[in-house]
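# Inside the fold
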Amino acid sequence: MTSNAQILSDLKIIRQENQPLELLTTYKGVPFVCKAWIENLEGDVARLKVDDPAILCLDYGNQTRVLGSDYFEPAVARLGKMDLANSIIELTDFTYIGTKLGERMIVRVEPGERIQVLVINEDLETGAELADISMSGIGVRMQEKAHHLALRPGAAVVLDFQLPEVHIQTSGTVLSLLKSENTIRLSIRFAQDFQQRASVFHYLIDRRAEIERELREIYSATRQTILPAS
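The model shown is predicted, which means the values in this text are computed figures rather than measured ones. (Residues numbered from 1 in each chain as written. Predicted model: local features only at pLDDT ≥ 70, side-chain atom pairs only at ≥ 80, totals over all residues. Heavy atoms only, no water.)

### Let's talk about helix α3 (residues 197-226)
Note the threshold: Secondary structure follows DSSP: runs of H or I at least 4 residues long count as helices, runs of E at least 2 residues long count as strands, and numbering of each begins at the N terminus. For a helix, the expected span equals 1.5 Å multiplied by the residue count minus one. Every residue pair with non-hydrogen atoms within 4.5 Å of one another is taken to be in contact.
With 30 residues, α3 extends 43 Å from end C-alpha to end C-alpha; this agrees with the ideal 44 Å at 1.5 Å per step. Looking at the buried positions of α3, the neighbouring elements they touch are β1 (21-27), β2 (30-42), β8 (124-133), β10 (156-163) and β11 (166-180).

Okay, here's the thing in structure tokens:
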């Protein structure tokens, strides 16, 4: 894929002005924003310095989102080479990001342990596993053979599951369905009158802190492994 010419032009300006880019990455559902400085730009390959634990997140996916600045509209780029010892990455294939950036900024955490979710649709009860949770809803996974055709987008359901500090029971609406191998993932939005929103909020705060701590520990351990002893 060839990078957008306007984006490359903007990157040259950012480098000349010594302004940082902000890279949006995710780790276990949590969005992280880290600053990166362009060290070199050859063709459509940008070489950037990223001295931040969130650089590790770039290894989990093929793309990263490059947030806007005074000069730069939001874009998406493909990760090329990564030199973790020197905190250097290369990005290429820059294209404009589109309209769904806001959706990726929502804190949507993956649980630290397996959490069972009971999805109830009228007289039908289906067991599932919590994939992630946000203030607006949850994602659940279930075996394809356990999925019922009634659990389709638009279906009204009742959710019943246990977070570490609180039991959650609320209604919701199935937003989407995604098949993957032998499993099905449902995205479900909480009802607007969800009474336990504060409890979910506290869980998100605690779980996000755990994820951030885990990422810092992995980053520190990795750096110690690859850097020569002084």
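### Details of helix α1 (residues 5-16)
Residue pairs three or four apart in sequence face the same way in an α-helix, which turns once every 3.6 residues. Note the following rule: Note on classification: 1.4 Å probe, protein chains only; a residue is buried when its accessible area is under 20% of the maximum for its type, exposed when over 50%, partly exposed between these limits. Directions are taken from the helix axis to each C-beta atom, and the arc is the one they span. Here a polar contact is taken to be a pair of N or O atoms separated by no more than 3.5 Å, where protein atoms must pair a possible hydrogen donor with a possible acceptor and residues adjacent in sequence count only if both atoms sit in side chains.
The terminal C-alpha atoms of α1 lie 17 Å apart, and with 12 residues this matches the ideal 16 Å at 1.5 Å per residue to within 8%. Within α1, the full set of buried residues consists of Ile7, Leu8, Asp10, Leu11 and Ile14. Down the axis of α1, the sector holding all buried residues measures 160°, keeping them to one side. Exposed residues pointing more than 90 degrees away from the buried face of α1 are listed as Ala5 and Gln16. Where α1 starts, the residue carrying a side-chain oxygen 2.9 Å from the main-chain nitrogen of glutamine 6 turns out to be asparagine 4. Of the residues flanking the end of α1, it is asparagine 18, one or two places downstream, whose phi is positive at about 55°.

### As for the environment of leucine 204
Relative to the elements of secondary structure, leucine 204 occurs in helix α3. Here leucine 204 falls in the buried class, since its relative accessible area comes to 6%. Through-space distance from the C-alpha of leucine 204 to that of glutamate 110 is 9.4 Å; in sequence the pair is 94 residues apart.

### Here's the deal with unusual backbone geometry
Even without a glycine there, the phi angle at lysine 28 is positive, about 50°. Positionally, lysine 28 belongs in the loop between β1 and β2. Residue lysine 28 is classed as partly exposed on the basis of its relative accessible area of 30%. In this structure, glutamate 181 takes a positive phi of about 50° despite not being glycine.

### Considerations on the pairing of β10
Spelled out, the test is: We call two strands paired when DSSP finds no fewer than two bridges between them.
The sheet contact formed by strand β7 (residues 116-121) and β10 spans four bridges and is antiparallel. When the bridges of β10 are listed, valine 119 appears paired with leucine 159. Here β10 pairs with β11 via eight bridges, running antiparallel. What sits directly across from phenylalanine 161, in β11, is isoleucine 168.

### A short note on the environment of lysine 179
Position of lysine 179 relative to the elements: it lies in strand β11. Relative accessible area serves as the criterion here: at 56%, lysine 179 is assigned to the exposed category. Each C-alpha atom, one on lysine 179 and one on methionine 142, is 9.9 Å from the other, the two residues being 37 residues apart in sequence. Sequence-distant contacts of lysine 179, defined by excluding residues within four places in its chain, comprise Glu144 and Ile184.

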